[in-house]
Protein chains: 2
Amino acid sequence: MNTPIFNRVVVIGPGLIGSSILRRIQKDRSIALYTVAADTNPQVCERVRELAIADEVYQDPVQSVKDADCVVLAIPVGAMGEVAKNIIPHMKKGAILTDTGSTKESVIKAIEPYVTSDIVFVPAHPMAGTEFSGPDAGFESLFENRWCLITPTPHTTQAGIDKITKFWQAMGTNIRILDIKHHDKVCAIVSHLPHLIAFTICNTADSLEDEARSEVLDYAASGFRDFTRVASSDPTMWRDVFLNNREAILEMLARFTEDAQAMAKAIRWKDEDYITQTIQKGRRIRKSLIDNKQLQ
Amino acid sequence: MNTPIFNRVVVIGPGLIGSSILRRIQKDRSIALYTVAADTNPQVCERVRELAIADEVYQDPVQSVKDADCVVLAIPVGAMGEVAKNIIPHMKKGAILTDTGSTKESVIKAIEPYVTSDIVFVPAHPMAGTEFSGPDAGFESLFENRWCLITPTPHTTQAGIDKITKFWQAMGTNIRILDIKHHDKVCAIVSHLPHLIAFTICNTADSLEDEARSEVLDYAASGFRDFTRVASSDPTMWRDVFLNNREAILEMLARFTEDAQAMAKAIRWKDEDYITQTIQKGRRIRKSLIDNKQLQ
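Definitions and cut-offs
Residues numbered from 1 in each chain as written. Chains lettered and ligands numbered in written order. Predicted model: local features only at pLDDT ≥ 70, side-chain atom pairs only at ≥ 80, totals over all residues. Heavy atoms only, no water. Contact = heavy atoms within 4.5 Å. Buried area = accessible area lost by both parts, 1.4 Å probe. Helix = DSSP H or I, 4+ residues; strand = E, 2+ residues; numbered from the N terminus. Nonpolar A, V, L, I, M, F, W, Y, C, P; charged D, E, K, R; others polar. Least-squares fit on C-alpha atoms with pLDDT ≥ 70 in both. Buried < 20%, exposed > 50% of the residue type's maximum accessible area, 1.4 Å probe, protein only. Pairing = 2+ DSSP bridges. Right-handed = clockwise from strand over helix to strand, strands pointing away. Arc of directions from axis to C-beta. Polar contact = N/O pair within 3.5 Å; in protein donor to acceptor, adjacent residues only side chain to side chain. Salt bridge = Lys/Arg side-chain N within 4 Å of Asp/Glu carboxyl O. Domains from an automatic or database assignment.

The name given to chain A in an unreviewed UniProt entry is Prephenate dehydrogenase/arogenate dehydrogenase family protein, with Commensalibacter oyaizuii as the source organism.

S.K.: Before we go on, may I ask you to explain the interface of chain A and chain B in this structure?
M.R.: Quite often, the size of an interface is put as the accessible area lost when its parts meet. Opposite the 92 residues of chain A that make contact, chain B presents 92 residues. Overall, the association of chain A and chain B removes approximately 9,000 Å² of surface from exposure, summing both partners, and the carbon and sulfur fraction of that is 65%. The set of elements that each furnish at least two residues to the side of chain A that touches chain B consists of β8 (147–150), α7 (180–206), α8 (210–219), α9 (222–231), α10 (235–244), α11 (246–268) and α12 (272–291) of chain A. Top element by residues in the side of chain A that touches chain B is α7 of chain A. It accounts for 20 residues. Across the side of chain A that touches chain B, the residue classes tally to 45 nonpolar, 23 polar and 24 charged.

S.K.: What exactly am I supposed to notice about the environment of Ile 21 of chain A here?
M.R.: Residues and elements named next belong to chain A. Take Ile 21: it is sitting in helix α1 (residues 16–27). A sequence separation of 121 residues divides Ile 21 from Leu 142, and the C-alpha atoms of the two residues are 8.6 Å apart. If near-sequence neighbours (up to four positions away) are discounted, Ile 21 is found in contact with Val 11, Val 72, Thr 100, Phe 143, Phe 167, Trp 168 and Met 171.

S.K.: Honestly, the relation of the copies chain A and chain B in this entry has me stumped. Any pointers?
M.R.: Superposition of chain A onto chain B requires a rotation of 180° combined with a translation of 0.0 Å along the rotation axis, giving an RMSD of 0.0 Å. Both copies of the chain, as the preceding transformation shows, are related through a two-fold rotation axis. A share of 100% of interface residues in chain A that are also interface residues in chain B marks the association as one of identical surfaces.

S.K.: Before we go on, may I ask you to explain the pairing of strand β4 (residues 70–73) of chain A in this structure?
M.R.: Looking along a regular strand, one sees the side chains alternate between the two faces of the sheet. Residue and element names in this part refer to chain A. Alternating positions in β4 separate into two faces, Cys 70 and Val 72 on one and Val 71 and Leu 73 on the other, with burial throughout. Bridge count for strand β1 (residues 6–12) against β4 is 4 bridges, and the pairing is parallel. What sits directly across from Val 9, in β4, is Cys 70. Across 4 bridges, β4 lies against strand β5 (residues 96–99) in parallel orientation. Looking at β5, one finds that Val 72 is bridged to Thr 98. Once the chain exits β4 it traverses helix α4 (residues 80–87) before rejoining the sheet at β5, and the crossover so formed is right-handed.

S.K.: Just checking my understanding: could you explain helix α2 (residues 42–51) of chain B for this structure?
M.R.: All names here are of chain B. If you check which residues of α2 are buried, you get Val 44, Cys 45 and Val 48. For α2, the angular spread of the buried residues around the axis is 100°, confining them to a single face. Of the residues in α2, the exposed ones pointing more than 90 degrees away from the buried face are Gln 43 and Glu 50. Packed against the buried residues of α2 are β2 (32–38) and β3 (56–58). Regarding α2, its N-cap is Asn 41, as a side-chain oxygen of that residue lies 2.8 Å from the backbone nitrogen of Gln 43 further along. Positive backbone phi, approximately 55°, marks Ala 52, located one or two places after α2.

S.K.: Please explain the pattern of salt bridges as it appears in this structure.
M.R.: Proximity of charged atoms lets side chains of opposite charge pair with each other. Under the criterion given, the structure shown has 31 salt bridges over all chains. Close ionic contact of Glu 105 of chain A with Lys 181 of chain A constitutes a salt bridge, the shortest N to O distance being 3.0 Å. One end of the pair, Glu 105 of chain A, is in helix α5 (residues 105–111); the other, Lys 181 of chain A, is in helix α7, with 76 residues separating them in the sequence. Residue class for Lys 181 of chain A comes out exposed when judged on its relative accessible area of 56%. A salt bridge links Asp 136 of chain B to Arg 47 of chain B; its shortest N-O distance comes to 2.7 Å.

S.K.: Please explain the domain arrangement of chain A as it appears in this structure.
M.R.: Residue and element names in this part refer to chain A. In terms of domain boundaries, chain A breaks down into domain 1 (6–179) and domain 2 (182–291). Its C-alpha centre places domain 1 at a distance of 30 Å from the equivalent point of domain 2. Taken residue by residue, the interface counts 18 residues in domain 1 and 16 residues in domain 2. Counting each side, the surface lost to burial between domain 1 and domain 2 is near 1,300 Å², with a carbon and sulfur contribution of 62%. Where domain 1 packs against domain 2, one counts 0 salt bridges. Summed over the shared surface of domain 1 and domain 2, the result is 8 residue pairs in polar contact (both at pLDDT 80 or more).

S.K.: Teacher, can you tell me more about the pairing of strand β2 (residues 32–38) of chain A here?
M.R.: Residues and elements named next belong to chain A. Of all 7 residues making up β2, 5 are buried, and the element is well covered by its neighbours. Across 6 bridges, the pairing between β1 and β2 is parallel. Bridged to Val 10 within β2 is Val 36. Between the parallel elements β1 and β2, the chain passes through α1 in a crossover that is right-handed. Looking at chain direction, β2 and strand β3 (residues 56–58) are connected through 3 bridges and run parallel. Residue pairing in the sheet places Ala 37 in a bridge with Val 57 of β3. Each parallel crossover has a hand, and the one from β2 via helix α2 (residues 42–51) to β3 is right-handed.

In structure tokens:
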């Protein structure tokens with residue numbers, strides 16, 4: 001066996017993402033010799049023990065990070081700052097701190113003030129997920145052929161980037177290094193806005209008069225079903241994402257609303273050409289996605 | 001073998017829906033002894049012959065309906081009136097005319113003027129589909145466990161409703177009899193609005209600056225991918241749906257836009273409670289869908 005990338009990896013927050021990381025390491029010990037899971041929720045700790053997906057489990061993140069070479073924060077982005085503040089003083093000199101948050105500017109702003117000169121902070125965002133959450137939801141192939149976006153801060157060392165690159169490559173992802181603000185803008189349109197729309201349309205349906213509402217449930221055709229698939233994702237995670245990528249999401253929502261209004265106008269005035277063009281553009285984007293092999 | 005429901009069924013428009021009907025009958029001859037397909041596009045006719053999914057194929061709908069007990073219009077809703085006008089004078093006395101359109105008020109308005117007293121018109125809407133189109137896209141189990149909504153006109157006979165009920169039950173669907181306007185309102189929210197949003201968000205992404213746009217393709221996470229799946233549906237079909245269920249779609253889009261603006265305001269003013277409630281309602285609707293067994 002080659003030298004493992006890390007000796008001891010700690011995953012704080014063994015939910016969908018965190019427990020998938022743990023499962024992958026369990027299958028491939030060239031990633032880490034030893035794994036530790038930490039979660040402040042005792043039921044999550046208990047479940048991780050039952051699933052036996054970590055070598056050691058702590059309820060206290062501070063205790064868990066002792067002697068770790070790498071600590072992965074896989075918690076809602078709104079909780080990152082507080083946890084980083086508590087654990088960093090207890091981390092080993094030279095250890096790497098990384099995260100899996102979907103928003104990067106806010107996470108970096110929250111964590112950076114607590115990063116001491118002997119710790120390397122490497123912000124990362126594995127773009128993978130399902131509509132399920134919690135330690136039972138994870139699986140070892142979750143990251144296979146997906147992207148992991150790394151957004152270094154001015155203090156992130158090249159050695160740190162290289163290590164986290166290797167780590168996520170071993171998880172099965174392709175790697176891109178991205179500018180922080182640019183990351184947040186791209187994710188606002190490809191992920192955050194679709195989720196916001198999905199939650200919203202469910203509410204629109206929910207507020208229909210009683211008879212129509214029950215029929216929405218009965219007749220949910222593929223359109224609505226696809227939308228609500230996204231809408232069953234973890235509430236705390238998404239509340240935090242919306243609040244922590246505020247500017248980019250509001251900008252993309254404003255653009256989307258303009259486009260939706262233009263479509264409404266075209267429908268009202270029976271502008272067949274505009275409607276057809278809009279539909280065909282949608283299909284083109286879809287085709288590009290297939291060509292880019294982002295689809296199964 | 002029991003007496004078949006029909007002797008001779010004609011499917012006009014052997015696309016995703018139409019070719020699925022033909023395939024189902026081919027597998028289960030208790031639905032119809034003989035099938036005919038008709039399409040004005042010679043390439044579609046040729047392909048249906050190659051696939052050998054109909055007993056007879058015509059390019060001229062008028063010729064195809066001769067001696068049929070049941071004619072199924074499986075064409076874009078905007079084309080229904082013209083085709084009905086042409087074929088009805090050539091249909092057998094007592095034959096049933098039915099359709100598969102996603103909008104019912106407009107289709108009934110378009111067809112009814114041409115329906116003679118010796119023809120029974122039974123408007124129907126099988127709620128099934130995929131993002132693919134054309135005769136190759138169909139498959140015999142497309143309708144399995146889905147809904148077929150029947151929206152009788154004042155002239156539709158009970159005998160006609162019973163026959164089409166049997167026909168769609170044999171296709172695998174559950175049946176509901178629905179008021180016409182009510183059908184259009186429910187479908188506006190469960191199907192038409194989600195498609196409109198899907199096409200629109202693709203356009204929003206497409207109009208981003210070049211660099212961000214190419215990255216949308218690269219990083220399309222599950223949210224965007226689910227949206228664009230719907231967006232690859234047939235353009236003519238959807239243009240027609242938007243134009244033919246105009247009032248209901250515009251009303252639902254207006255309600256949705258209000259809800260999206262309320263969400264934007266909550267994000268801007270960091271109203272955590274509102275955001276969390278919106279997300280949780282979305283999850284509840286999703287859970288109801290699972291309880292209703294509308295999901296695989």
